[in-house]
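Take a look at the letters that make up each chain.
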Amino acid sequence: MFNTLILSRLFLLLIGIIGFLIEGSVKSETANPLVYSPFFLLLVWHLFREIKYNHQYILSQFYAIYYFLGMMVSSIIITSGALMIEINEFGTPNGIFWILLIFFMISLIFGNVGFKCGMFMTRHVNVHINKKQERFFISIFLGVVVSFCFYVLIKYSGPIFLEIDRVQFWNNVVPEYLKFLHSLLSQTYILFCFLLLFKRDRFQDFYAKILFIILIIIIVLLLGEKFSAFILLLNALLVIRAGDVKPIVLNVRILLNWILVILFISALISLHYADKEDGFGFVRVALQGQLLWSVLNDSFKVLLQNDSFVCFFECGQFSDARDFISYKYLPFPKYDYYQNTGTNLSGFMPAVQIMIFGLIAALLLHSLVSFLLGFFSGVLVKLINSENIFYAFILFKILFSITIFWYTMLPASIFSVPFFLFVVLSIVFPLLGRKKGVNFNLKLTNSLFQK
């Protein structure tokens, strides 16, 4: 069955290449979304097969899959002629859907290879810690974080209650010495999920559920998040679930219920934004792919070669590649406004990579990064399976930092003191365990969910 999955990935990659070559040579003003729908549905069908037969890798890569699927939906809307309000352009077919399909398949192909390598190489790299003590310290740590959150909520209220933007709330209302809490809370999502899934008795089960519900309340009331924070939370939850070796049984009824819930939430958000910020729905979704559409709309020479690689991190007046591409494609008044307000565009990958390096080099780099992310995911899943949550937490932070850097082009996610400390800990921690005679043999359990 795994060989069938490989052939399916290669087939979809070939479809992407052929589609890009055809659409690049045949220019048209708009395209019927139905042209792309069969291929998008074929991709979704393939992902369901991956979940059934390769669930550990797929669940560990939820963020990337969510990103690409969202971008592909955006590309379909753009090619149907939607107005991209930030760059003030109407969309036309230029190969954007097929480029995203190609990059997505590259992610799956090379990521799976890296994942298998990581799983294989981790069979003798494991540090066991007393699980009762580990759970105790995690519970105490999360309790302190939650207490700080309620302190801020009681003393300074929240963006929803004050009816202001969440960025304005954390920049202007919360004092400087408490601003760390915003980032700290998101850093601990995986620990909340660990307590929720690693159940040992009824008390721990009840305690974990209460703590998880409190986390949801804090995300809404204190962080003022409507969607993005829940994507990070779901990513952490599925990474923990990936540690379970039992295959996932796809229940159609449960799947339909989740689809209905997502549609209901989307409808509520759409109604809330109906008269705000130039609307929501299709117009807002179209913005996700506007940068990639802009890059592909440049000359074909730019796609094959470029000499702007010096601006990948910073060059001249530009602080990083995000700033460089924003200046290039945004009307200057909009760019200047975003600079002054701290607002950012979205959908930087693979637009930045193609613009900076050219298409061929961007694909090669994406192949390398996908292998690296897959490798770390394989190690992480093995550690989670052995319930080595402290070491898994260290590796998760490294993995997610690299993911955020590559998909959002934020150099600070890897060029920072916390990232450096996590890398050092990932190297030193096993060595310390070895000196103390800690057992490194990985013992796989049948399931994470033993009582």
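(A) Local environment of unusual backbone geometry. Cis geometry marks the peptide bond from M349 to P350; its omega dihedral reads 0°. Of note, the phi angle at N88 is positive, near 60°, even though the residue is not glycine. Structurally, N88 can be placed in the loop between β1 (83-84) and β2 (89-90). The backbone of E163 sits at a positive phi, close to 55°, despite the residue not being glycine. In this fold, E163 is placed in the loop between α7 (159-162) and α8 (166-173).

(B) Just the state of the cysteines, in detail. With the rule as written, the count across this model stands at one disulfide. Through a disulfide, C311 is tied to C315; the S-S separation comes to 1.9 Å. In this structure the cystine formed by C311 and C315 twists about its S-S bond by roughly 95°; its chirality is therefore right-handed. Taken as a pair, C311 and C315 share a single burial class, namely buried.

(C) A look at the packing of helix α2 (residues 37-53) against helix α4 (residues 62-79). At their nearest, the axes of α2 and α4 sit 12 Å apart, and the two run at 165° to each other. As far as their axial angle goes, α4 and α2 are roughly antiparallel. The handedness of the crossing between α2 and α4 comes out as left-handed. Contacts between α2 and α4 pair F40, L43 and L47 from the former with I65, L69, M72, V73 and I76 from the latter. Of the residues contributing to the contact of α2 with α4, the split by class is eight nonpolar, no polar and no charged.

Scoring rules and cut-offs
- Residues numbered from 1 in each chain as written.
- Predicted model: local features only at pLDDT ≥ 70, side-chain atom pairs only at ≥ 80, totals over all residues.
- Heavy atoms only, no water.
- Helix = DSSP H or I, 4+ residues; strand = E, 2+ residues; numbered from the N terminus.
- Disulfide = S-S within 2.5 Å.
- Buried < 20%, exposed > 50% of the residue type's maximum accessible area, 1.4 Å probe, protein only.
- Axes fitted to C-alpha atoms, helices over the stretch in contact; angles between N-to-C directions.
- Parallel < 35°, antiparallel > 145°, perpendicular 65-115°, else oblique.
- Left-handed = near helix turned anticlockwise from the far one by under 90°.
- Contact = heavy atoms within 4.5 Å.
- Nonpolar A, V, L, I, M, F, W, Y, C, P; charged D, E, K, R; others polar.

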